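Residues per chain are reported as follows:
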Amino acid sequence: MPAYIDQLAARLTAVLGGRARRYGSLPDEVAIDVDSEQLLEVAGILRDEPQLRFEMLMDLTAVDYLDYGRAEWRTNSATASGFSRGVNRAAPHTLAGDKRYAVVSQLLSITHNQRLRLRVWAGDTEDPMVDSLTGIWASAEWFEREAFDLFGILFRGHPDLRRILTDYGFTGHPFRKDFPLIGNVEVRYDPQLQRVVYEPVSIEPRTLVPRVIRHDNRYDPALHDQPPGERAPVPGLPGVPGAESA
């Protein structure tokens, strides 16, 4: 682990004490958790404390930890990142009990040339809400609008919390893991009304099947790199023309 990472972690502990907890990250990164009630206080310290001076918020997004780390299918030799999504799921679970949504901010200290990841959990899974960071870092405004639009995170104190990527009539939040693949509504132009209308989705749900690797005797190692006349007979396959005379 680089020495500057240990130094940054030590400064965070000295300045923030028990208000921040370090959690797992890559060896060259520092990531901390803070309670939602102390978010604004901790964010102000991170920006203004001379030992830290994280003047810039580079990015802010949300994470939906529903079914975090769970593979949906067990196959013979398939990877967990196949092309399909399962339909028969076990009871959903989250990473930390009833906590499902988290807001993650990426901070940069120009003074000390260091970076920090700041995570805060939104406790309510129905209407997740955290305090807005726009009063600390002005760049949070559009990032928080994006997190609201795509994940449904509410930001208390945000000056203009509106959708920023989806349409005005969009229903739901498409980056939530339980958002249906076919969506909630469909859009079409009605020639009689002469306007665009929103209607319930008429597409029939399609059951996707997992990618399963099955044994195929056509790819048997005994058949590789062998001239046609020298290949061993394979049960169920017709003989190679000319193999008998060879």
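Computed from a prediction, not measured in an experiment: that's the story for all the values here.

How each quantity is defined
- Residues numbered from 1 in each chain as written.
- Predicted model: local features only at pLDDT ≥ 70, side-chain atom pairs only at ≥ 80, totals over all residues.
- Heavy atoms only, no water.
- Pairing = 2+ DSSP bridges.
- Helix = DSSP H or I, 4+ residues; strand = E, 2+ residues; numbered from the N terminus.
- Axes fitted to C-alpha atoms, helices over the stretch in contact; angles between N-to-C directions.
- Contact = heavy atoms within 4.5 Å.
- Phe/Tyr/Trp six-rings, centres within 6.5 Å; stacked < 30°, edge-to-face > 60°.
- Buried < 20%, exposed > 50% of the residue type's maximum accessible area, 1.4 Å probe, protein only.
- Lys NZ or Arg CZ within 6 Å of the ring centre and 35° of its normal.

(A) Representation of the sheet that holds strand β2 (residues 31-34). Spatially, five strands are ordered β1-β2-β5-β4-β3 in an open sheet, and the strand pairing comes out mixed. Two strands in the sheet have a free side with no partner beyond their single neighbour: β1 (20-22) and β3 (56-64). Between one strand axis and the next, the sheet turns through 25° on average, direction left out of account. In the packing of helix α2 (residues 39-48) onto the sheet, contacts are made with β2, β4 (101-109) and β5 (114-122), and the angle to β5 comes to roughly 175°. Lying on the sheet, helix α3 (residues 140-151) is in contact with β3 and β4; it crosses β3 at an angle near 10°.

(B) Structural detail: the packing of aromatic side chains. Throughout the structure, instances matching the rule amount to four aromatic pairs. Ring plane angle 40° and centroid distance 5.0 Å describe the contact between Y65 and W121, whose orientation is recorded as tilted. One end of the pair, Y65, is in the loop between β3 and β4; the other, W121, is in strand β5, with 56 residues separating them in the sequence. Aromatic side chains F151 and F175 sit 5.6 Å apart centroid to centroid with 85° between the ring planes, which places their arrangement in the edge-to-face category. With F151 in helix α3 and F175 in the loop between β7 (154-156) and β8 (185-190), the pair connects residues that are 24 residues apart, well separated along the chain. Take F151: its relative accessible area is 8%, and that puts it in the buried class. Classification of F175 by relative accessible area gives partly exposed; the value is 49%. Three or more aromatic residues joined by ring pairs form one cluster here, namely Y65, Y68 and W121. The ring of Y23 is capped by R119, whose NZ or CZ atom sits 3.8 Å from the centre of that ring.

Just geometry here; none of it tells us what the structure is for.
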